[in-house]
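Coordinate inspection notes
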Amino acid sequence: MITPVLLCGGSGTRLWPLSRKSYPKQFMPLVGETTLFQAAAQRLSGPDFSAPLVLTNADFRFIVAEQLAEIGIDPSAILIEPEGRNTAPAVLAAALWLEKSDPDGLMLVTPSDHVVFDASAFRAAVLVGSEAVRAGQIVTFGIKPTHGETGYGYLELAEPPGNHVEQVIPLRRFVEKPDAELAEEMLAAGTYLWNAGIFLFSVKSILAAFEAYAPELVGPVRAAVDGGSPDLDFLRLDPEAWSGVKDISIDYAIMEAADNLSVVPFAAGWSDLGGWDAVWRETVQEKNGVATSGPVTTIDCQDSLLRSEDEALEVVGIGLRNIITVAMPDAVLVADAARAQDVKLAVAALKGKSVKQATTFPKDHRPWGWFECLAIGDRFQVKRIHVHPGGVLSLQKHHHRSEHWIVVEGTAKVTVDNNVKLVSENESIYIPLGSTHRMENPGKVPMVLIEVQTGAYLGEDDIVRYEDVYARE
């Protein structure tokens, strides 16, 4: 059996403003109906695959669990990294975890924010690679290039891939992201593939590779795994041991040093959606190369991407040529398509100005659901709060604000001090300043309420939490 190892901790700043640090692109349905993370999990399920192992951070753990539950996939484990240390420590932690339960097994390490258009073809490529892995090889997957891309690293093959059918070809070397001229030369040579950053190997072979090429990682990562502590359905790696782990990618730590690497070519459609130009290429396009999503109206536009991520916000484009426009409720991006990779520079500039939109998503996702701010002013704030069926907010109080809750969908079970009351649709309840309170959704449908806060200070840190079913700190 092959265990999929889904890496799920990236921030996806090149797809700002839709993708942000607090809610990055892997959790978005950028292409298709499911999120990129869900599509990755579904793509690697079936009779040849075990339940997935997921590595993520504390902020995303409930999102990961919720999105897997939505598609009916039960993970073998969700490991929580105390802080990002790049891909090499994450892969090593996964291998050490699997060594305990399946030391002779295979593991397929993949990012969770890529698009693969033919899932069955990809599974077939994985099975082709598994034969080489059982013979001791480390296998990576190379994508047939469609253009001279400068945003990807490349794999140079020891021999031409022919018609790019699934086969195992020795790898000659890794090539860093090239400039435009070199990218075109490699495209013309025909012996270079895009590096998808997807790897297949046995647990034993990758552990041996770490011992040989990156032994300094093994001790602290093993200590972090062995010293991990259960947290509900998650495992938190030991933070003290993890703090001593070097920040390094799997490419630098292992792949560029190993001498047993092979490549399986893949030509059935792939993208890492590494920028809005990639989203434009992979989105179903209208005439004249225009791709739209959401409430959008276009007049005489060409080769442009227009997206509105708010049903109440209509985007209108007139006479646009090679333009990217992405509208969110709190931020709008307008860019020349040729400058798509520079979106990350805009995020850096916004961070420098301490603009919250640089990293914070308009909807604040929590394990019980989400909330968003509808209006804010001097001494008041209005929020919409969505609570999943069975969701329970923490038992808490505030020192500086009172709250008024109006239920607009479903039924809320509300605790205020020692009183418990069911509040139905079109009913409301007042929470005085300093009162201990909690809301729950006891029903089988989502519960939505409008919260009106009033007080001298309305920050999220004005919470004294007494009980929390989700064991949040």
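Keep in mind the model is a prediction, meaning the values are calculated, not measured.

Another point: the overall build of the protein chain. Per the secondary structure count, the protein chain includes 11 helices and 30 strands. For a compact globule of 473 residues, the expected C-alpha radius of gyration is about 23 Å, and the protein chain comes in at 24 Å, within 12% of that figure. Dimensions of the protein chain, computed from C-alpha atoms along their principal axes, come out at roughly 75 × 60 × 40 Å. Here the protein chain, with 473 residues, has 51% of them falling under the buried criterion.

Here we take up the packing of aromatic side chains. Per the stated rule, a full pass over the model turns up 11 aromatic pairs. With a centroid separation of 5.7 Å and an interplanar angle of 75°, the aromatic rings of Phe 62 and Tyr 470 are classed as edge-to-face. You can see Phe 62 sitting in helix α2 (residues 61-70) and its partner Tyr 470 sitting in the segment after β30 (464-467), a full 408 residues away along the chain. Its relative accessible area of 14% is what places Phe 62 among the buried residues.

Time to look at the UniProt feature "domain: Mannose-6-phosphate isomerase type II C-terminal" (unreviewed entry) in the protein chain. The residues that UniProt annotates with the feature "domain: Mannose-6-phosphate isomerase type II C-terminal" (unreviewed entry) are residues 357-468. Across residues 357-468, the secondary structure splits into 0% helix and 57% strand, with the terminal C-alpha atoms separated by 28 Å.

Using the criterion set out here, one finds 22 salt bridges in the structure. Across the salt bridge formed by Arg 281 and Glu 149, the nearest N and O atoms sit 3.6 Å from each other. Note that Arg 281 is positioned in helix α10 (residues 276-282) and Glu 149 in the loop between β6 (138-143) and β7 (154-157), a separation of 132 residues in sequence. Given a relative accessible area of 31%, Arg 281 falls into the partly exposed group. Look at Glu 149 and you get buried, because its relative accessible area is 9%. Linking Arg 438 and Glu 467 is a salt bridge whose minimum nitrogen-to-oxygen distance equals 3.5 Å. You can see Arg 438 sitting in strand β28 (residues 437-440) and its partner Glu 467 sitting in strand β30, a full 29 residues away along the chain. Glu 467 sits in the partly exposed class, given a relative accessible area of 43%. Several salt bridges share partner residues, and in doing so they unite Asp 364, Arg 366, Lys 383 and Glu 460 into one network.

For the rest of this paragraph, the subject is the packing of helix α3 (residues 87-101) against helix α7 (residues 215-226). Between α3 and α7, the shortest axis-to-axis distance is 9 Å and the interhelical angle comes to 55°. Looking at the two axes, α3 sits oblique to α7. At the point where α3 passes α7, the crossing takes the right-handed sense. Together, Ala 88, Pro 89, Leu 92, Ala 93, Leu 96, Trp 97, Glu 99 and Lys 100 of α3 and Leu 217, Val 218, Val 221, Arg 222, Val 225 and Asp 226 of α7 make up the contact between the two elements. Of the residues belonging to the contact of α3 with α7, the class tally is 10 nonpolar, no polar and 4 charged.

Attention shifts here to the sheet that holds strand β18 (residues 323-327). One open sheet accounts for 4 strands, arranged β14-β16-β18-β19; its pairing is mixed. Unpaired on one side and paired on the other, β14 (291-293) and β19 (332-336) mark the two borders of the sheet. Taken over all neighbouring pairs, the strand axes of this sheet differ in orientation by 5° on average, direction set aside. By the bridge criterion, 4 bridges tie strand β16 (residues 305-308) to β18 in an arrangement that is parallel. Bridged to Ser 308 within β18 is Ala 327.

Basis of the calculations
Residues numbered from 1 in each chain as written. Predicted model: local features only at pLDDT ≥ 70, side-chain atom pairs only at ≥ 80, totals over all residues. Heavy atoms only, no water. Helix = DSSP H or I, 4+ residues; strand = E, 2+ residues; numbered from the N terminus. Rg over C-alpha atoms; globule rule 2.2 N^0.38 Å. Buried < 20%, exposed > 50% of the residue type's maximum accessible area, 1.4 Å probe, protein only. Phe/Tyr/Trp six-rings, centres within 6.5 Å; stacked < 30°, edge-to-face > 60°. UniProt positions renumbered as here; feature names shortened; annotations may be inferred. Salt bridge = Lys/Arg side-chain N within 4 Å of Asp/Glu carboxyl O. Axes fitted to C-alpha atoms, helices over the stretch in contact; angles between N-to-C directions. Parallel < 35°, antiparallel > 145°, perpendicular 65-115°, else oblique. Left-handed = near helix turned anticlockwise from the far one by under 90°. Contact = heavy atoms within 4.5 Å. Nonpolar A, V, L, I, M, F, W, Y, C, P; charged D, E, K, R; others polar. Pairing = 2+ DSSP bridges.

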